Amino acid sequence: QLHDGRRQLLQRADTAVVAADSCQSALEGVRVICATGDPGRRVTINMLARAAILVATATALAPAATQRPRRAAARPAVAVAEPATEALPLSSVVLDDEAEAAREKRERRIANAGTALDVFVVGLSHHNAKVEVREKLAVPEAEWEETARAIVAESNGAIDEAAVLSTCNRFEVYFSAKDARAAFSSVSRYFQGRSGLPMAELRESLFMLTEDDATAHALRVSAGLDSLVVGEGQILSQMKACYAHAVEGAGGKVTSRLLNAAVAAGKRARDETDIAKGAVSISSAAYELAAERAPQDLAGLDLADARVLIVGAGKMTRLLLTHMASHGAVGRTCTILNRSFQRARDMADEYEEGYDVEIDVVASDGDDAVAYELAQKADVIFTASSAVDYIFEAEKLKALKRTAGREKLMLVDIAVPRNVDPACDGVDQVSAYDVDSLKAVVERNTAKRRREIVEAEKLLEEERAAFRSWIASLGAVPAITRLQSKAEALRQSEMKRADAKLASLSP
C-alpha cells in the first residue's frame, strides 16, 4: 500500500506539471490570436480564463497530493532483509544538456515577460541635421554592435535592447525600453558624449519617435521613402546589415523583430511597386551632379572628356563607377586612389572587362601627399573613402601647380565623415560639393515617383499594423506569466512534499 500511495502522489504531482505546461500552451495561443488583430480579443479572454482554471485545478490537487494513504489493519511484522540503498528524492533527477538548456531558456523567458517592451528611435538625418553634425556621430559598420552594447550598458537599465544604423545620410539608434523618458535621456547623453556638441545644439538636430511612430519610421527608412534619393536600394542592404548586427549584438527579441519587419517591408515595397524603378543611389546622384555642373565649373569641359580621380575603393566607388560606365562617362582618363593596391586593382579589372574602359590604380600606402600629386592633373575628383580626417585641405589646394589651361577643379565629396575641407569651395578656381549639395539634383527623381510613393505607403501601413498587433499581443504575457509561475510554484511545492514523505522508501 505504501507503493500504491507513492504512485498516487506521483500521479498528482504529474498533474500539477501538466497544468503548468498547459499554461504555457495558453500563452502561445494568446500570442497567435492577438497577432491576428481585434477579432481575437474575445478568444483571448477565454484563453486567459482557461489558464486561470488550470491553475485552480493545480491548487485543488495540491492538498490531495499531501494526504497520507490509508493504512490497512496492523499485521505481524515480518523481517525481510533488503540490501541497503540510498533513496533518491524526486527532485534529484539529472537532466541532460538539452533539457537543462530548455529549462534555463524557459526561466529566462518567464523572467523577461514581466513587463512588455516597446520600440523607440532616436537619431538625426539629412532632413534635420547638417553633414558637419552627422559626421561627428558617424560609426563604421564594424563598430555597430560595440556601439549598441555601450548604449545599453551606459543606460543603467533604462534601455533593454539597442541597434545602430549609421550611413552617410543618417545616424539612428533603434531600441526597446519600458520607460521612454529615462531611455531618451540616456541616449541623448550618449549622443552628446560622442559628438562633443552642447546638448542645446544637439537637440536642434535630433528627432525622437515612440512606439507606433518609431515603427512607421523604420519601415519608411527600409523602403527608401525617407532617403535623400527616394527609392534608392542601398538603404535596404544597410538595414539588412543593421538587423544582422542586432541579432548578434544587443538587439534582443523586440528590436530585432522590428528590424526584421522593416527589411521585409522594404523588399515588399520594391517588389510590388515601381518605387525603385529608375531610382539612384547617392553615388549616382553624385555622377548626375558632376555631369550637370562640369560644363559650368570646368569652363565648358564635359565630364566624359575630363580627367577623373576617384579616392577610395569601397561600395560607394563601385556604385559610382557603375553609373559612370553605363553612361559612357568614365572620363578621358580615370584613376582610383586607395590606401591598399590590390582591392582597387580588382575593382578596376572588373570594370575594364565589363565596360571596356581603362582605369589606372595608385596606392597611397598612407602617404597623404600622393592625393595632391594626382590632384594636379585631375579635372574632377570624387572622394568616397572611410578616412576620418580631411584628405584635401584648402591651404594645400591653393599651393597646387595646375596645368596651364586646366586650372579649374571640381571636388565632389560623398563621404561621411567628409574627405574634403568645406573651405576648399572658397579657393579660387575650385568648386566643391558635399552630400548636402545633392538635394537639388534628386528633387526631379522624387517628383517622378509621387504616385509610387502613395502605393508604397499603403503596403507599409499593412506591415506596420501587423507589427503593432504583435507588440499588442505581448501585453497578455505578464498575466499569463503570473499564472504560469503560480502553477510552477505549486508543482515545486508538491515535489518537495513528496520527497519528504517518500524519502524512506526504496527506489
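Provided above is the structure to which this section pertains.
Every value quoted in this text rests on a predicted model; they were computed, and no experiment measured them.

Quick notes on the rules
- Residues numbered from 1 in each chain as written.
- Predicted model: local features only at pLDDT ≥ 70, side-chain atom pairs only at ≥ 80, totals over all residues.
- Heavy atoms only, no water.
- Pairing = 2+ DSSP bridges.
- Helix = DSSP H or I, 4+ residues; strand = E, 2+ residues; numbered from the N terminus.
- Axes fitted to C-alpha atoms, helices over the stretch in contact; angles between N-to-C directions.
- Contact = heavy atoms within 4.5 Å.
- Buried < 20%, exposed > 50% of the residue type's maximum accessible area, 1.4 Å probe, protein only.
- Salt bridge = Lys/Arg side-chain N within 4 Å of Asp/Glu carboxyl O.

Q: Pulling in residues and values, what's your account of the pairing of strand β7 (residues 360–363)?
A: Sheet topology note: the strand β6 (residues 333–338)/β7 ladder contains four bridges and is parallel. From the neighbouring strand, L337 faces β7, where its bridge partner is V362.

Q: So, the sheet that holds strand β9 (residues 409–413): which residues are in play, and what are the values?
A: Pairing within the open sheet is parallel, and its six strands lie in the order β7-β6-β5-β8-β9-β10. Only two strands of the sheet have a single partner each, and these edge strands are β7 and β10 (430–433). Pairs of neighbouring strands in the sheet enclose a mean axial angle of 15°, with direction left out of account. Strands in contact with helix α11 (residues 282–297) are β8 (380–383), β9 and β10; relative to β9, the strand with the most contacts, it is inclined by about 160°. The sheet contacts of helix α12 (residues 315–326) involve β5 (307–311), β6 and β8, and relative to β5 the element is tilted by about 155°.

Q: Go over the sheet that holds strand β2 (residues 161–166), please, and point to the residues and values.
A: Spatially, β2-β3-β1-β4 is the arrangement adopted by the four strands of the open sheet, whose pairing is antiparallel. In this open sheet, the two edge strands, each paired with only one partner strand, are β2 and β4 (207–210). For this sheet, the mean inter-axis angle between neighbouring strands, taken without regard to orientation, is 15°. Where strand β1 (residues 118–125) and β4 come together, four bridges link them in antiparallel fashion. Residue pairing across strands places G123 opposite F207, the latter belonging to β4. Together, β2 and β3 (170–177) form the strand contacts of helix α5 (residues 144–153), whose direction differs from that of β2 by roughly 140°. Along the sheet, helix α9 (residues 234–248) contacts β2 and β3; its crossing angle with β2, the most-contacted strand, is approximately 150°.

Q: Explain unusual backbone geometry to me, and be specific about the residues and the numbers.
A: The omega torsion across V416 and P417 is 0°, close enough to zero to call that bond cis. Relative to the elements of secondary structure, P417 occurs in the loop between β9 and β10. Of note in the backbone geometry, N156 takes a positive phi value of approximately 55° without being a glycine. Mapped onto the fold, N156 is located in the loop between α5 and β2. For N156, a relative accessible area of 73% translates into the label exposed. A positive phi angle is found at A299, which is not glycine, with a value near 55°. By the element assignment, A299 lies in the loop between α11 and β5. In this structure A299 comes out as exposed when scored by relative accessible area, which is 64%.

Q: Report on the pattern of salt bridges, specifying residues and quantitative values.
A: Within this structure, the stated rule accounts for 25 salt bridges. For E135, the salt bridge identified is with R418, shortest N-O distance 3.0 Å. A residue pair is termed long-range when its members are at least 10 positions apart, and E135 in helix α4 (residues 131–137) and R418 in the loop between β9 and β10 qualify at 283 residues. For E135, a relative accessible area of 17% gives the class buried. Between R307 and D379 there is a salt bridge; the shortest N-O distance is 3.2 Å.

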